[in-house]
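Structure assessment
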Amino acid sequence: MAVSQIQIKSTPARLALTIDRGQQTIRQPKAQQSIQQPKADLSIQQRPGKLTIDQTKAWHNIDLKNALLRTKETAQVGEQKWMQGVARVSSEGDELMKIENGGNPIASQAERNSGFDFDIQLGRSPTHELVDLHYQPAEADISVQRNEPVINVERRNPETSFQQGKVSTYMQQYPDIQIDWKV
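Residues numbered from 1 in each chain as written. Predicted model: local features only at pLDDT ≥ 70, side-chain atom pairs only at ≥ 80, totals over all residues. Heavy atoms only, no water.

Side note on the side chain of Gln 109
Mapped onto the elements of the fold, Gln 109 is located in helix 3 (residues 105–114). Residues in contact with Gln 109, not counting those within four places in the same chain, are Glu 92, Glu 95 and Leu 96. (Helix = DSSP H or I, 4+ residues; strand = E, 2+ residues; numbered from the N terminus. Contact = heavy atoms within 4.5 Å.)

Overview of a nonpolar patch on the surface
On the surface, Ile 6, Ile 8, Ile 177, Ile 179 and Trp 181 cluster together to form a nonpolar patch covering roughly 590 Å² of accessible area. Here the element with the most residues in the nonpolar patch is strand 12 (residues 176–182); it accounts for three residues. Secondary-structure assignment places Ile 8 in strand 1 (residues 5–11). (Patch = residues over 30% accessible without salt bridge, like charges linked within 9 Å, V, L, I, M, F, W, Y side chains within 5 Å. Areas by Shrake-Rupley, 256 points an atom, 1.4 Å probe, with all protein chains shown as cover. Salt bridge = Lys/Arg side-chain N within 4 Å of Asp/Glu carboxyl O.)

Concerning the side chain of Glu 92
Along the chain, the position of Glu 92 falls in helix 2 (residues 67–97). In contact with Glu 92, not counting residues within four places along its chain, are Gln 109, Arg 112 and Asn 113.

Description of the environment of Lys 166
Tracing the backbone through its elements, the reader meets Lys 166 in strand 11 (residues 166–173). On the basis of relative accessible area, Lys 166 is assigned to the exposed category, the value being 51%. Each C-alpha atom of the pair Lys 166 and Glu 111 lies 154 Å from the other, and the pair is 55 residues apart in sequence. Discounting chain neighbours no more than four positions away, the residues touching Lys 166 are Thr 18, Ile 19 and Asp 20. (Buried < 20%, exposed > 50% of the residue type's maximum accessible area, 1.4 Å probe, protein only.)

Written as structure tokens, this is what we have:
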């Protein structure tokens, strides 16, 4: 006995695709940026210093003195001369008291007191050491006000472009089934 056979032959379908790829471009422009740094505000206030010059010693050195000082010095000299005069008169009185010891005390006293000595002191040139200088500097007031930088940024959006792709389909091979009976 013979056996019947079925033969099935199939051809699959084949789809084909034609693809045109899309294109996308992205461009990012740089941001516009500007930075400015304003100068700091600086203020300096300098008060004048204090200079004192005392030339009193220099003036005294050339014998230029004020009336008060001159009067005081004259009074001191007068007191000294008065004390010397009192001592001299007392000593001469003691000599006259002892006249019996001999000698001629009146004549010797007259000879001693007939002349007088005096001193002339010429003024001298003042020297710089006799001038007292004193300088007291004043403090400076310094004020600094810092200014913040001015920063401006203008951002730019990205520039994009897109070209859409395209996909086309077609049948490259159609499906097929063949059935065959063999006996």
